[in-house]
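Below are the chains, spelled out letter by letter.
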Amino acid sequence: MILYNITINIDSDRELEFVEWMKFEYLPRVMQTGLFIEKRFFRLLQEDNGDGVNFSAQFFAESMDDLEFYQQKYGPVIREELKEKFGSQFVSFRSVLESVE
């Protein structure tokens, strides 16, 4: 199992709008690609004393092939939608983890 994690810091004044947009636009759009079997969305409780609010969007894929296909075909387009919606009021980074069983 592969976990594709996107950590996003959004300006505090856009937090409510961001959460609604993530829940009803972004997360469903990623899942509609059919390349992930599960999604989760978290708000980080321990802040780093920086500005904004931190969130984690997590997507679970069965294989690296599925994730790589997503990153090539869908990732750039969906990332651009996030940039268009929130401009410079967010920063994000991505990480990929593999389940160790």
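Each value, and the rule that gives it
Residues numbered from 1 in each chain as written. Predicted model: local features only at pLDDT ≥ 70, side-chain atom pairs only at ≥ 80, totals over all residues. Heavy atoms only, no water. Salt bridge = Lys/Arg side-chain N within 4 Å of Asp/Glu carboxyl O. Helix = DSSP H or I, 4+ residues; strand = E, 2+ residues; numbered from the N terminus. Buried < 20%, exposed > 50% of the residue type's maximum accessible area, 1.4 Å probe, protein only. Expected span 1.5 Å × (residues − 1). Arc of directions from axis to C-beta. Contact = heavy atoms within 4.5 Å. Axes fitted to C-alpha atoms, helices over the stretch in contact; angles between N-to-C directions. Parallel < 35°, antiparallel > 145°, perpendicular 65-115°, else oblique. Left-handed = near helix turned anticlockwise from the far one by under 90°. Nonpolar A, V, L, I, M, F, W, Y, C, P; charged D, E, K, R; others polar. Pairing = 2+ DSSP bridges.

Engineer: Break down the pattern of salt bridges for me, citing the residues and quoting the values.
Structural biologist: Under the criterion given, the structure shown has five salt bridges. With a shortest N-O distance of 3.5 Å, K85 and E17 are connected by a salt bridge. In this pair, K85 is assigned in helix 3 (residues 75–86) and E17 in helix 1 (residues 15–31), connecting sequence segments 68 residues apart. Classification of K85 by relative accessible area gives partly exposed; the value is 35%. A relative accessible area of 35% places E17 in the partly exposed class. For E81, the salt bridge is made with R29, and the minimal N-O distance between the two is 2.8 Å. With E81 in helix 3 and R29 in helix 1, this residue pair connects regions lying 52 residues apart in the sequence. Within the structure, one salt-bridge network assembled from shared partners comprises R14, E17 and K85.

Engineer: Explain helix 3 to me, using residue names and the numbers behind them.
Structural biologist: Along its 12 residues, helix 3 runs 17 Å from first to last C-alpha, staying within 8% of the 16 Å computed at 1.5 Å per residue. For helix 3, every residue scored as buried is listed here: G75, I78, L82 and F86. For helix 3, the buried positions fall inside an angular range of 80° around the axis, keeping them on one side. Those residues of helix 3 that are buried lie in contact with strand 1 (2–10), helix 1, helix 2 (64–73) and strand 4 (90–98).

Engineer: Any chance you could break down the packing of helix 1 against helix 3 for me, citing the residues and the numbers?
Structural biologist: For the pair helix 1 and helix 3, interaxial distance at closest approach is 11 Å and the crossing angle is 165°. With respect to each other, helix 1 and helix 3 are oriented roughly antiparallel. Judged by the twist between their axes, the crossing of helix 1 over helix 3 is right-handed. Of helix 3, the residues touching helix 1 (which contributes E17, F18, W21, Y26, R29 and V30) are V77, I78, E81, L82, K85 and F86. Considering only residue class, the contact of helix 1 with helix 3 consists of eight nonpolar, no polar and four charged.

Engineer: Which residues make up the sheet that holds strand 1, and what values do they have?
Structural biologist: Within the open sheet, the four strands sit side by side as 2-3-1-4. Their pairing is antiparallel. Where the open sheet ends on each side, the last strands, each with one partner, are strand 2 (38–43) and strand 4. Neighbour to neighbour, the strand axes of the sheet diverge by 15° on average, direction disregarded. Across nine bridges, strand 1 lies against strand 4 in antiparallel orientation. Bridge assignment links N9 to a residue of strand 4, and that residue is V91. Sitting on the sheet, helix 1 is in contact with strand 1, strand 2 and strand 3 (53–61), with an inclination near 10° to strand 3. Together, strand 1, strand 3 and strand 4 form the strand contacts of helix 2, whose direction differs from that of strand 1 by roughly 40°.

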